Amino acid sequence: MKKILKFYSIPICLILFLSFSRLIPHPWNFTPILASGIFAGYYFRQFFLSLFIVIFSMFLGDIFLGFHETMFFTYISLAVSVFLGLLIKNFKFMEILWSGFISSICFFAITNFGVWYVGSIYDKTPEGLMACYIAAIPFFGNTILSTFFYLYLFKLLKEHLLKKLVVA
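Residues numbered from 1 in each chain as written. Predicted model: local features only at pLDDT ≥ 70, side-chain atom pairs only at ≥ 80, totals over all residues. Heavy atoms only, no water.

Caption draft 1: The arrangement of the packing of helix α2 (residues 33-44) against helix α3 (residues 47-65) in detail. Where α2 contacts α3, the axes come no closer than 8 Å and their chain directions differ by 155°. Considered as vectors, α2 and α3 are oriented roughly antiparallel to each other. At the point where α2 passes α3, the crossing takes the right-handed sense. Contact residues: α2 offers Ile33, Ser36, Gly37, Ala40, Gly41 and Phe44, while α3 offers Leu49, Ser50, Ile53, Val54, Ser57 and Met58. When grouped by side-chain class, the residues that make up the contact of α2 with α3 number seven nonpolar, five polar and no charged. (Axes fitted to C-alpha atoms, helices over the stretch in contact; angles between N-to-C directions. Helix = DSSP H or I, 4+ residues; strand = E, 2+ residues; numbered from the N terminus. Parallel < 35°, antiparallel > 145°, perpendicular 65-115°, else oblique. Left-handed = near helix turned anticlockwise from the far one by under 90°. Contact = heavy atoms within 4.5 Å. Nonpolar A, V, L, I, M, F, W, Y, C, P; charged D, E, K, R; others polar.)

Below, the structure written as structure tokens:
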């Protein structure tokens, strides 16, 4: 039982801790949430458990930050990041690179579609959708940078903690 608790508690605590970092001041779209989804999928190898952990941590942050009309689209994009994490075998450089890149692109496409679809800022036309995507481009850089940054942070912490657990 102790081994099972060690296996699950450390990554869950990491994911929750990094997810709550959304609550401290940070640049727009520079959050660990996509990386948390990828890491959860990779580490737990169970889609619904991983998705629950990530959605729950996101929901806890949303309680403090406020709910919004595009939450459904945000949560769908997190499901994509969890799925991408399931595809990772060894959490090596190239796997982190492609999963972070694809997850960021999917997040961009899904959430901005949601802004266009449920919002009132853009006309419900192909031109309005294109305007929405164009307006979001400045935020994409932070999304991809933060996803890579936090994925490597997860990798370093995982390796460090595994060394500590093996020694203990």
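Caption draft 2: Fine view of the packing of α3 against helix α4 (residues 71-87). Where α3 contacts α4, the axes come no closer than 10 Å and their chain directions differ by 145°. For the pair α3 and α4, the sense of crossing is right-handed. Within the contact between the two elements, α3 uses Phe47, Ser50, Leu51, Val54, Ile55, Met58, Phe59 and Asp62 and α4 uses Met71, Thr74, Tyr75, Leu78, Ala79, Val82, Phe83 and Leu86. Residues of the contact of α3 with α4, tallied by class, amount to 13 nonpolar, two polar and one charged.

Caption draft 3: Molecular detail of the nonpolar core. Ile15, Phe39, Leu78 and Phe91 are the most contacted members of the largest nonpolar core, which has 26 residues in total. When contributions to this core are tallied by element, the ones reaching two or more residues are α2, α3, α4, α5 (93-118) and α6 (126-167). Counting residues per element, this core draws most heavily on α2, which supplies nine residues. Ignoring sequence-local partners within four residues, the contact set of Ile15 consists of Ser36, Phe39, Ala40, Phe44, Ile53, Ser57 and Phe154. (Core = buried A, V, L, I, M, F, W, Y, C linked by side-chain atoms within 4.5 Å. Buried < 20%, exposed > 50% of the residue type's maximum accessible area, 1.4 Å probe, protein only.)

Caption draft 4: Summary view of α2. Its twelve residues place the ends of α2 16 Å apart at the C-alpha level, agreeing with the 16 Å of an ideal helix rising 1.5 Å per residue. The element α2 is largely enclosed, with a buried count of twelve among its twelve residues. Taken together, the buried positions of α2 are occupied by Ile33, Leu34, Ala35, Ser36, Gly37, Ile38, Phe39, Ala40, Gly41, Tyr42, Tyr43 and Phe44. Directly beyond the C-terminal end of α2, a positive phi value near 60° is found at Arg45. (Expected span 1.5 Å × (residues − 1).)

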